[in-house]
Amino acid sequence: MMHIDCAIIGGGPAGLSAALVLGRSRRHVLLFDDNRPRNAVTRESHGFITRDGVKPSEFRAIAHQDIARYPSVTVKSQRVTEVRHSGRGSFHVRTGDGIVYHSRTIILAAGLKESLPAVPQIQDYYGKSLFSCPYCDGWELRDKPLVVIGESGSHAVSLAKFVYNWSKDLVVCTNGRQVLTQEQLAMFARKGIRVQSQRIRALKGSGGQLQSVQFEDGSEIKRAGGFVSPKWRHAIDFGEKLGCAMNEHGGLVKDEYGRTTVRGVYAAGDGALITPAQLIIAAGDGSRAALGVNGDIVNEDFDR
Ligand SMILES: Cc1cc2nc3c(=O)[nH]c(=O)nc-3n(C[C@H](O)[C@H](O)[C@H](O)COP(=O)(O)OP(=O)(O)OC[C@H]3O[C@@H](n4cnc5c(N)ncnc54)[C@H](O)[C@@H]3O)c2cc1C
């Protein structure tokens, strides 16, 4: 069994950034990644200073080049299937190929999984002309005729409010659900935002570029793109299984250095927050978790 200082589960910006900092701290690290990030559906990532507009695959390739300079870091393209306490204050990490690794610490950085609203063909457009984060993609859709799809009243309202910052030409669709209150409808009317509560029959366009939205009565509205409100869940449940406390939103309780309530287990990135953030925030979070891991090991070993 291989013994390492830190097993990082997830090779998105959080895990990659943690690996870089730990490699530079001379820690023996295994980074496990099955390469199925949420943002794989999109062509460009925005808002990461020095990398604005980078392809997600290019971002990862550059990160792997950076990490490759540090010999104590190894990337394993494997899915982690189980993490258990080893009984000696450390952990056993099992991968899909059945190999078990022994690690002093764990960083959970596996991101989120999302379920999109139940709209036919939505997957064809998501990440191309329909997005979930206005900070990530609002600029590219500025001033265009947009649709906002939210199946709960609170999500539809909060998303529409934000998207309104980038385009005033909005149609809010609740996809067959009567979820908006009279006050919310009046607020949208005041802002010139139209509301359509009929079920969406089809999204129409080509090559991922939305052109129109068709409703169940056959009526159609032309739209050049838009935003949807997905539901998010943790990609992994290892935190709960290891006994980490959860916060009221379903995220992992952690301190500013990513330490969860279980000694030796750290968390970083979208999965720790349970709300999606941004690449740069996830990367910063991974970096802080790495400082936590290294700082704790330095103190433990120095005081021995
Ligand atoms: C459509 C879309 C567009 C976006 N656009 C932008 C943008 O323009 N700008 C921006 O800043 N942000 C954008 N984001 C958000 C950004 O992608 C995330 O905030 C960021 O990737 C989160 O990083 P992370 O490291 O926490 O998780 P992720 O990037 O999701 O990485 C998690 C990794 O862990 C791996 N993993 C999961 N479970 C396991 C396991 N059991 N074993 C091994 N590996 C595992 C996954 O395969 C994945 O590679 C976008 C997101 C989406 C969905």
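Bear in mind the structure is a predicted one, so any value in this text is a computation, not a measurement. (Residues numbered from 1 in each chain as written. Predicted model: local features only at pLDDT ≥ 70, side-chain atom pairs only at ≥ 80, totals over all residues. Heavy atoms only, no water.)

1. Here we look at the pattern of salt bridges
The criterion, for reference: Salt bridge, as used here, is a side-chain nitrogen of Lys or Arg placed within 4 Å of a carboxyl oxygen of Asp or Glu. Helix and strand assignments come from DSSP, with helices taken as H or I runs of at least 4 residues and strands as E runs of at least 2, each series counted from the N terminus. In this scheme, a residue with accessible area under 20% of its type's maximum is buried, one over 50% is exposed, and one in between is partly exposed, where area comes from a 1.4 Å probe on protein chains only.
Under the criterion given, the structure shown has 19 salt bridges. In this structure, Asp-296 and Arg-259 form a salt bridge, with 2.8 Å as the shortest nitrogen-oxygen distance. In this pair, Asp-296 is assigned in helix α9 (residues 279-302) and Arg-259 in the loop between α7 (238-241) and β17 (265-267), connecting sequence segments 37 residues apart. The class of Arg-259 is partly exposed, set by a relative accessible area of 29%.

2. Re the domain arrangement of the protein chain
Keep this limit in mind: Marked domain ranges trace back to an automatic or database domain assignment. Any two residues whose heavy atoms approach within 4.5 Å at even a single point are treated as in contact. When two parts are put together, the accessible area they lose, computed with a 1.4 Å probe and summed over both, is reported as buried area. Within 3.5 Å is the distance limit for a polar contact, defined as a pair of N or O atoms, with the added protein rule that one can donate a hydrogen and the other accept it, and that residues adjacent in sequence qualify only through two side-chain atoms. Just so you know the grouping, Ala, Val, Leu, Ile, Met, Phe, Trp, Tyr, Cys and Pro go in nonpolar, Asp, Glu, Lys and Arg go in charged, and all remaining residues, Gly too, go in polar.
When cut into domains, the protein chain gives domain 1 (2-114 + 232-302) and domain 2 (117-228). Just the C-alpha atoms count here: the centres of domain 1 and domain 2 sit 34 Å apart. Between domain 1 and domain 2, the contact holds 8 residues from the first and 11 residues from the second. Approximately 800 Å² of surface area, both sides summed, lies buried where domain 1 meets domain 2, with 43% of it carried by carbon and sulfur atoms. Where domain 1 touches domain 2, the interface holds 0 salt bridges. At the boundary of domain 1 and domain 2, one finds 7 residue pairs in polar contact (both at pLDDT 80 or more). Among the residues forming the side of domain 1 that touches domain 2, the class breakdown is 2 nonpolar, 3 polar and 3 charged.

3. What about the state of the cysteines?
The line we're drawing: What counts as a disulfide here is a pair of cysteine sulfur atoms lying within 2.5 Å.
Taken as a whole, this structure holds 0 disulfides when the rule is applied. With no disulfide of its own, Cys-244 has Cys-6 as its nearest cysteine by sulfur position, at a separation of 13 Å. By relative accessible area, which is 5% here, Cys-244 ends up buried.

4. Describing the site of the ligand
Under the convention used in this document: By convention in this text, a residue qualifies as near a molecule or strand provided that one of its non-hydrogen atoms is within 4 Å of it. Every accessible area reported is derived by Shrake-Rupley at a probe size of 1.4 Å, with residue values counting cover from the shown protein chains alone.
Surrounding the ligand, one finds 37 residues, the nearest of these being Asp-33, Asp-34, Arg-36, His-46 and Arg-60. Computed on the free molecule, the ligand has an accessible area of 1000 Å², of which 98% lies beneath the protein chains in the complex. Among the residues making up the shell around the ligand, the classes are represented as 15 nonpolar, 13 polar and 9 charged.

5. Thoughts on the packing of helix α1 (residues 13-24) against α9
Describing two packed helices takes the angle between their axes plus the distance from one axis to the other. Here is the rule: Axis lines are fitted through C-alpha atoms, for helices just across the contact stretch, and the angle between N-to-C directions can take any value from 0 to 180 degrees. For classification purposes, an angle smaller than 35 degrees is called roughly parallel, one larger than 145 roughly antiparallel, one from 65 to 115 roughly perpendicular, and anything else oblique. Whether a crossing is left-handed or right-handed is set by the direction in which the near helix is turned from the far one by less than a right angle, anticlockwise for left-handed and clockwise for right-handed.
Here α1 crosses α9 at 40°, and the two axes come no closer than 7 Å. As the angle between them shows, α1 and α9 are arranged oblique. Crossing hand, α1 versus α9: right-handed. Across from Pro-13, Ala-14, Ser-17, Ala-18, Val-21 and Leu-22 in α1, the residues of α9 making contact are Leu-279, Ala-282, Ala-283, Gly-286, Ser-287, Ala-290, Leu-291, Val-293 and Asn-294. Residues belonging to the contact of α1 with α9 are distributed by class as follows: 11 nonpolar, 4 polar and no charged.

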